[in-house]
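Letter by letter, the chains look like this.
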Amino acid sequence: NAARRNFFVENLFEFECATADEVMQHYVAGARNKQMASTNMNVASSRSHTVLVLTLTRQSAMDSEGAARREVVSKFSLVDLAGSERSSASTGC
C-alpha cells in the first residue's frame, strides 16, 4: 500500500529473533539464495533484490504504581537492489 508507505514482497519470510546471532543466521541463509551472475561490467553482479527489515521492540519496566509499560518500536529497512548496469556501458556501445 503506497499510501501507507508499505511494500509487498513475494515469497517473503518473517522470523522472530531474540538475539543478533539469530538475525545473522537468517540473513546468511537469505544471502546464500541470492542470484548472482557475471556481466561485462562485473564478475559477480546481483540478479535479485535483498530486503532485510528489522523491527525492534523495547518495553520499559512497570513503574512502582503498576502503571502499564511503555513500548517503543523501531523499524529498519535495509534494501540491496539487483544490479542495474547501463546496457550501453556493459555492451561496449
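What you see is a predicted model; the values in this text were computed from it and never measured. Residue numbering note: each chain is counted from 1, following its sequence as written. The model is predicted, so local features are restricted to residues of pLDDT at least 70 and side-chain atom pairs to those at 80 or more, both for listing and for counting; the totals for chains, interfaces and linings are taken over all residues. Note that the side-chain values use all heavy atoms of the structure and ignore hydrogens as well as water.

A closer look at the overall build of the protein chain
This is how the line gets drawn: Only DSSP runs of H or I covering at least 4 residues are called helices, and only runs of E covering at least 2 are called strands; the numbering of each starts at the N terminus. We call two residues in contact when some of their heavy atoms are within 4.5 Å. For accessible areas, the Shrake-Rupley method is used with a probe of radius 1.4 Å. Any residue's cover is judged against the shown protein chains and nothing else.
Secondary structure summary: the protein chain contains 2 helices and 4 strands in total. The helix and strand sequence of the protein chain, counted from the amino end, reads α-β-β-β-β-α. Considering only contacts in the protein chain between residues 6 or more positions apart, those separated by 24 or more positions represent 45%. For the protein chain, the accessible area works out to roughly 8,300 Å², and carbon and sulfur atoms hold 51% of it.

Concerning the environment of Asn33
Selection rule: Each residue gets one of three labels from its accessible area relative to the maximum for its type: buried under 20%, exposed over 50%, partly exposed in between, using a 1.4 Å probe on protein chains only.
Within the element layout of this structure, Asn33 appears in the loop between helix H1 (20-32) and strand S1 (36-37). Assessed through its relative accessible area of 58%, Asn33 is described here as exposed. Through-space distance from the C-alpha of Asn33 to that of Ser48 is 9.3 Å; in sequence the pair is 15 residues apart.

Brief notes about a nonpolar patch on the surface
Note the threshold: Two distance rules govern patches: like charges are joined within 9 Å, and nonpolar side chains (Val, Leu, Ile, Met, Phe, Trp, Tyr) within 5 Å, applied only to residues with over 30% relative accessible area and no salt bridge. Salt bridges are counted wherever a side-chain nitrogen of Lys or Arg sits within 4 Å of a carboxyl oxygen of Asp or Glu.
Together, Val51, Val53, Val79 and Leu81 make up a nonpolar patch on the protein surface, roughly 310 Å² of accessible area in all. Among the structural elements, Val79 can be located in strand S4 (residues 71-80).

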